[in-house]
Amino acid sequence: VMNALREALRDIWLGDPAGGGNFLLKRLQDAGTLVFLGGTLIVSVAVSTVTTRITHLVLAWAGLDQVPGAGAALRLLSVGVAIGFNTLIFLVLFSSLSGTRATWRSIARGALFGAVGFEALKLIGTALVAHTAGNPVYASFAVVAGLLVWIHVVSRFVLFAAAWTATRRAVLRADAEEERAED
């Protein structure tokens, strides 16, 4: 998976798809990156889920459950935290796998774009699974098919966000300067 993702990102960034370097070291780096991304994604989903679930408990405990907008404010906070974790995921993806020489600051806008879109896709996926899981006719088939469609859409969105990031002037300029320095 990491090799295919690296090749796709390097193609988008117009780099060498193979990436060169030691085969074993690349696999170790891929494993480390995969563990980091998986852990960050799990933490992101867990934080989103926990904050969403305890929103009403916290509001009731604080006596704010009847205050208009309090639930929405806490929900926005949980989405903001999830977007922060997702931004970190996209920063690592774009910087370590793409072969770009651009700094994190240069790719941060693209990572934020990817994070917001990914969070929107997670929220839509969660709503669809919750909607179909309650219906016994849909529960067995629709959840599996829906998950496959969601993975496909997320994969395409990651590549779209990578292409948008790779074609930003700041990133193109950083990569061009690095090429001139190597010559």
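Coordinates for the structure precede this section.
Everything in this summary refers to the structure shown in the same document. (Residues numbered from 1 in each chain as written. Predicted model: local features only at pLDDT ≥ 70, side-chain atom pairs only at ≥ 80, totals over all residues. Heavy atoms only, no water.)

### Quick word on the pattern of salt bridges
Thought 1: Taken as a whole and judged by the stated rule, the model has three salt bridges.
Thought 2: Note that Asp 30 and Arg 6 form a salt bridge whose closest N and O atoms lie 2.3 Å from each other. Here Asp 30 is found in helix α2 (residues 23-62), whereas its partner Arg 6 is found in helix α1 (residues 2-12), with 24 residues between them in sequence.
Thought 3: Residue Asp 30 is classed as buried on the basis of its relative accessible area of 5%.
Thought 4: Since its relative accessible area comes to 3%, Arg 6 is described here as buried.
Thought 5: One salt bridge connects Asp 30 with Arg 27, and the closest N-O pair in it is separated by 3.5 Å. (Salt bridge = Lys/Arg side-chain N within 4 Å of Asp/Glu carboxyl O. Helix = DSSP H or I, 4+ residues; strand = E, 2+ residues; numbered from the N terminus. Buried < 20%, exposed > 50% of the residue type's maximum accessible area, 1.4 Å probe, protein only.)

### A closer look at helix α3 (residues 70-97)
Since the α-helix packs 3.6 residues into each turn, any two residues three or four apart lie on the same face.
Thought 1: End to end, α3 covers 40 Å across 28 residues, agreeing with the expected 40 Å (1.5 Å per residue, within 8%).
Thought 2: Looking one or two residues past α3, Gly 99 carries a phi angle of roughly 80°, positive in sign. (Expected span 1.5 Å × (residues − 1).)

### Details of the packing of aromatic side chains
Geometrically, a pair of aromatic rings is defined through the distance of the ring centres and the angle of the planes.
Thought 1: All told, the structure shown has eight aromatic pairs when counted by the stated rule.
Thought 2: With centroids separated by 5.6 Å and ring planes inclined at 65°, the aromatic side chains of Phe 90 and Phe 94 adopt a geometry described as edge-to-face. You can see Phe 90 and its partner Phe 94 sitting in helix α3, four residues apart, about one turn around the helix.
Thought 3: Residue classification places Phe 90 among the buried residues on the basis of a relative accessible area of 2%.
Thought 4: Ring centres of Phe 90 and Phe 118 lie 6.2 Å apart, and the angle between their planes is 65°; this geometry places the pair in the edge-to-face category. Pair noted here: Phe 90 is in helix α3 and Phe 118 is in helix α4 (residues 104-133), with a separation of 28 residues, a long-range link.
Thought 5: Take Phe 118: its relative accessible area is 9%, and that puts it in the buried class.
Thought 6: In textbook terms, an aromatic cluster arises when at least three aromatic residues are bridged by ring pairs, as seen for Trp 13, Phe 90, Phe 94, Phe 118 and Trp 150. (Phe/Tyr/Trp six-rings, centres within 6.5 Å; stacked < 30°, edge-to-face > 60°.)

### Observations regarding the side chain of Thr 165
Thought 1: Tracing the chain through its elements places Thr 165 in helix α5 (residues 136-166).
Thought 2: With residues near it in sequence (within four places) discarded, Thr 165 still touches Trp 13, Phe 94, Ile 107, Gly 110, Ala 111 and Val 171. (Contact = heavy atoms within 4.5 Å.)

### Looking at the packing of α1 against α3
Thought 1: Two numbers describe how α1 lies on α3: the axes approach to 9 Å, and their chain directions differ by 75°. As the angle between them shows, α1 and α3 are arranged roughly perpendicular. Contacts between α1 and α3 involve Met 2, Leu 5, Arg 6, Leu 9 and Arg 10 from the former and Leu 93, Phe 94, Ser 96 and Leu 97 from the latter.
Thought 2: The residue inventory of the contact of α1 with α3, partitioned by class, reads six nonpolar, one polar and two charged. (Axes fitted to C-alpha atoms, helices over the stretch in contact; angles between N-to-C directions. Parallel < 35°, antiparallel > 145°, perpendicular 65-115°, else oblique. Nonpolar A, V, L, I, M, F, W, Y, C, P; charged D, E, K, R; others polar.)

### Remarks on a nonpolar patch on the surface
Thought 1: A cluster of nonpolar side chains, Val 50, Ile 54, Leu 57 and Val 58, forms an exposed patch at the surface whose accessible area comes to about 330 Å².
Thought 2: For Val 58, the location among the structural elements is in helix α2. (Patch = residues over 30% accessible without salt bridge, like charges linked within 9 Å, V, L, I, M, F, W, Y side chains within 5 Å. Areas by Shrake-Rupley, 256 points an atom, 1.4 Å probe, with all protein chains shown as cover.)

### A closer look at α1
Thought 1: Taken residue by residue, α1 has Met 2, Leu 5, Arg 6, Leu 9 and Arg 10 as its buried positions. Angular distribution of buried residues about the axis of α1 spans 130°; they occupy a single face of the element.
Thought 2: Downstream of α1 by a residue or two, Leu 14 has a phi angle that is positive, lying close to 60°. (Arc of directions from axis to C-beta.)

### Comments concerning the nonpolar core
Thought 1: Grouped together as the largest cluster of nonpolar side chains are 25 residues, with contacts concentrated most on Leu 9, Trp 13, Phe 90, Leu 93 and Phe 94.
Thought 2: Put simply, the parts of the chain that give this core at least two residues each are α1, α3, α4, α5 and α6 (169-182).
Thought 3: When residues in this core are grouped by element, the largest group, seven residues, is from α3.
Thought 4: Apart from the residues lying within four places of it in its own chain, the contact partners of Leu 9 are Leu 93, Phe 94, Leu 97, Ser 98 and Ala 162. (Core = buried A, V, L, I, M, F, W, Y, C linked by side-chain atoms within 4.5 Å.)

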